[in-house]
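What the coordinates show
Each chain is listed here by its residues.
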6 protein chains.
Amino acid sequence: MSDVWLPSLITSTPQEGYELAVKMSRVAVKMTQPDPEIRAELRSVYEHDANSLILASSVVATHFQTIAKANAYWKAS
Amino acid sequence: MSDVWLPSLITSTPQEGYELAVKMSRVAVKMTQPDPEIRAELRSVYEHDANSLILASSVVATHFQTIAKANAYWKAS
Amino acid sequence: MSDVWLPSLITSTPQEGYELAVKMSRVAVKMTQPDPEIRAELRSVYEHDANSLILASSVVATHFQTIAKANAYWKAS
Amino acid sequence: MSDVWLPSLITSTPQEGYELAVKMSRVAVKMTQPDPEIRAELRSVYEHDANSLILASSVVATHFQTIAKANAYWKAS
Amino acid sequence: MSDVWLPSLITSTPQEGYELAVKMSRVAVKMTQPDPEIRAELRSVYEHDANSLILASSVVATHFQTIAKANAYWKAS
Amino acid sequence: MSDVWLPSLITSTPQEGYELAVKMSRVAVKMTQPDPEIRAELRSVYEHDANSLILASSVVATHFQTIAKANAYWKAS
């Protein structure tokens, strides 16, 4: 993964911050399982598994917490 | 999800903050599984699974921690 | 859940803060599974499941961390 | 649980703080499953389950983080 | 593990910080299971398990939170 | 466990901090399962279980976050 996918944690809105958190939670999966075909197979499994979806949401929550802090909770905006 | 669902982290009360945390924990599920019918099926499963419900509550707890910090713990109110 | 159940995060003692954390960890379950009978059935299951009980305790720990911070760790008391 | 079991988060050493974190992680289990006999049965199960023991350790880690912050990381001591 | 693998938490970019977080989440596995052959076998299992990949991503999220804080969220850069 | 195993959270390097975090994540297991023989049996199980190893790594990540904060992220070093 040599391309620049995470230049900064700063976003203009909380919603953009949330979308960045979703992206960050997926990159670790991509770095652990680089094969897109296998990831597509896995996705068709966890998309239909309530616990997997909730677990994925918990990773987003931790990354969002980091991004919100980095953006001073977007209070200036 | 192009609509604006997360304009701000600021709420007037802790209870509103808690409700926002519940909403934020569900949006990641929606972004991962966009099909409302599949989500309805999954919901009928995890609504009857103690561990799923507790896991979902843990995601709310992390988001609530972020929102509480953003609102300076509603001390001014 | 229109009643006011979370007016404030401020408590007079750490123990009260812990009890609030237990309450907050259960409300998300209630908001996800509003039916008291189903919750009673689920409770009879997870009360006898070590992992469920430990998982529930982890949710309390995250909420307690938030409440402790809100109360400046009750250092004034 | 009307007795005072959590008068303060302040301890004189990190080790005492860790012991308090272990105690706090167990109280939520006790509040959810008040029956000592059932807890003893459950304990005989999770004491022999690696994932349960690791999960329990994760609850201690979150409570310890809170207690360490409350004690300013015992830097004064 | 006598070699110096973690000289500092400071990185020049968020992306480098994320890569350090991935490395830190894997070292604990290496310290618990030092045998590279067993780790290779385990990797071929969890690379094909959605929940394992999501769980691994959650460890990266916690380490990234620590590294981001250490780098003041790379605001200076 | 009457011996002094956690005199301080202060370490001279991040790597020492990481090693302390590994130690702290294991002590809670030891306090919950004091029998070294049972722990050795359990270790032979979780050493070969990817999810257990990842879960153990998540406990290290939380303790490391606490230790890093206690050491001001070793910025002075």
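Just so we're clear, the structure is a prediction, and the values are computed from it rather than from any experiment. (Residues numbered from 1 in each chain as written. Chains lettered and ligands numbered in written order. Predicted model: local features only at pLDDT ≥ 70, side-chain atom pairs only at ≥ 80, totals over all residues. Heavy atoms only, no water.)

**Structural notes on the interface of chain E and chain F**
Operational definition: In this description, contact between two residues means that some pair of their heavy atoms is separated by no more than 4.5 Å. A 1.4 Å probe defines the accessible area here, and the buried area is the portion of it lost by two parts on being joined, summed over both. Take a side-chain nitrogen of Lys or Arg and a carboxyl oxygen of Asp or Glu: if they are within 4 Å of each other, that pair is a salt bridge. For helices the rule is a DSSP run of H or I covering at least 4 residues; for strands it is a run of E covering at least 2, with both sets numbered from the N terminus onward. The residue classification treats Ala, Val, Leu, Ile, Met, Phe, Trp, Tyr, Cys and Pro as nonpolar and Asp, Glu, Lys and Arg as charged. All others, Gly included, are polar.
In this complex, chain E contributes 30 residues to the contact, which on the side of chain F involves 28 residues. The contact between chain E and chain F buries some 2,500 Å² in all, and 66% of this surface belongs to carbon and sulfur atoms. In this assembly, chain E and chain F are joined by zero salt bridges. Among the secondary structure elements, those contributing two or more residues to the side of chain E that touches chain F are helix H1 (14-32), helix H2 (36-46) and helix H3 (50-70) of chain E. Tallying contributions element by element places H3(E) first for the side of chain E that touches chain F, with 10 residues. Residue composition of the side of chain E that touches chain F, grouped by class: 19 nonpolar, nine polar and two charged.

**Here's the deal with the interface of chain B and chain C**
Accessible area lost upon the coming together of the parts serves often as the stated size of an interface. Rules: In protein, a polar contact requires one atom able to donate a hydrogen and another able to accept it; more generally it is a pair of N or O atoms within 3.5 Å, and residues adjacent in sequence count only if both atoms are side-chain atoms.
On the chain C side, the residues contacting the 28 residues of chain B number 30 residues. Both sides together, the interface formed by chain B and chain C hides about 2,500 Å², and carbon and sulfur atoms give 66% of it. Summed over the three residues of chain B that lose the most area to chain C, namely Gln15(B), Tyr18(B) and Ile54(B), the buried surface amounts to 25% of that side. At the surface where chain B touches chain C, the tally comes to zero salt bridges. Joining chain B to chain C, the criterion identifies 13 residue pairs in polar contact (both at pLDDT 80 or more). Looking at the side of chain B that touches chain C, the elements with two or more residues in it are helix H1 (14-32), helix H2 (36-46) and helix H3 (50-70) of chain B. Broken down by element, the residue count for the side of chain B that touches chain C peaks at 14 residues, all from H3(B). Residue classes in the side of chain B that touches chain C are distributed as 14 nonpolar, seven polar and seven charged.

**Things to note about helix H3 (residues 50-70) of chain D**
Note the threshold: By this rule, a helix spans an expected 1.5 Å times one less than how many residues it contains.
Over its 21 residues, H3(D) extends 30 Å from the first C-alpha to the last, a length consistent with the 30 Å expected when each residue adds 1.5 Å. Ala72(D) sits one or two residues past H3(D) and shows a positive phi near 50 degrees.

**Overview of the arrangement of the chains**
Contact between chain B and chain D is absent, and the least distance between their C-alpha atoms amounts to 12 Å. With no contact formed, the shortest span from any C-alpha in chain C to any C-alpha in chain F equals 12 Å.

**Observations regarding the packing of aromatic side chains**
In plain terms, the rule: Pairs were defined over the aromatic rings of Phe, Tyr and Trp, the Trp ring being its six-membered one, requiring ring centres within 6.5 Å. Orientation was assigned from the angle between planes: stacked under 30 degrees, edge-to-face over 60, tilted for the rest. Whether a residue is buried, partly exposed or exposed follows from its accessible area with a 1.4 Å probe, protein chains only, as a fraction of its type maximum: under 20%, in between, or over 50%, in that order.
Considering all chains together, one arrives at 18 aromatic pairs over all chains under this definition. Judged by centre distance (5.6 Å) and plane angle (25 degrees), the rings of Phe64(C) and Trp74(C) are stacked. Taken together, the positions of Phe64(C) in helix H3 (residues 50-70) and Trp74(C) in the segment after H3 put the pair 10 residues apart, joining distant regions of the chain. In this structure, Phe64(C) and Trp74(C) share a single accessibility class: buried. Ring geometry for Trp5(E) and Tyr18(F): centres 4.8 Å apart, planes at 90 degrees, overall edge-to-face. In this pair, Trp5(E) is assigned in the segment before H1 and Tyr18(F) in helix H1 (residues 14-32), connecting two distinct chains. Judged by relative accessible area, Tyr18(F) falls into the buried class, the value being 0%. Site record: aromatic cluster; members linked through ring pairs are Trp5(A), Tyr18(E), Phe64(E) and Trp74(E).

**What to know about the relation of the copies chain E and chain F**
The criterion, for reference: Here the copies are matched by least squares. The fit uses the C-alpha atoms of residues with pLDDT of at least 70 in both.
For these two chains of identical sequence, chain E goes onto chain F by a turn of 60 degrees and a shift of 0.0 Å along the axis, with RMSD 0.0 Å. Viewed as a symmetry operation, the transformation between the two copies matches a six-fold axis. By C-alpha distance to the rotation axis, the residue of chain E lying nearest is Thr62(E), at 6.8 Å. Mapped onto chain F, only 17% of the interface residues of chain E are again interface residues, and the two copies thus contact each other with different surfaces.

**Side note on the relation of the copies chain B and chain C**
For these two chains of identical sequence, chain B goes onto chain C by a turn of 60 degrees and a shift of 0.0 Å along the axis, with RMSD 0.0 Å. Comparing interface residues between copies, only 18% of those in chain B also lie at the interface in chain C; the contact surfaces differ.

**Structural notes on the pattern of salt bridges**
Opposite charge on two side chains allows them to pair when their charged atoms are near. Residues and elements named next belong to chain F. For the structure shown, the criterion picks out six salt bridges over all chains. Here Arg43 and Glu47 are joined by a salt bridge, their closest N and O atoms 3.3 Å apart. Of the residues examined, Glu47 reaches a relative accessible area of 16% and is grouped as buried.

**A closer look at the environment of Tyr46(D)**
With respect to the helices and strands, Tyr46(D) occurs in helix H2 (residues 36-46). Residue classification places Tyr46(D) among the buried positions, given a relative accessible area of 15%. Excluding its chain neighbours within four sequence positions, the residues that come into contact with Tyr46(D) are Ala50(C), Ile54(C), Ser52(D), Leu53(D) and Thr32(F). At a separation of 3.2 Å, a polar atom in the side chain of Tyr46(D) contacts the side chain of Arg43(D).

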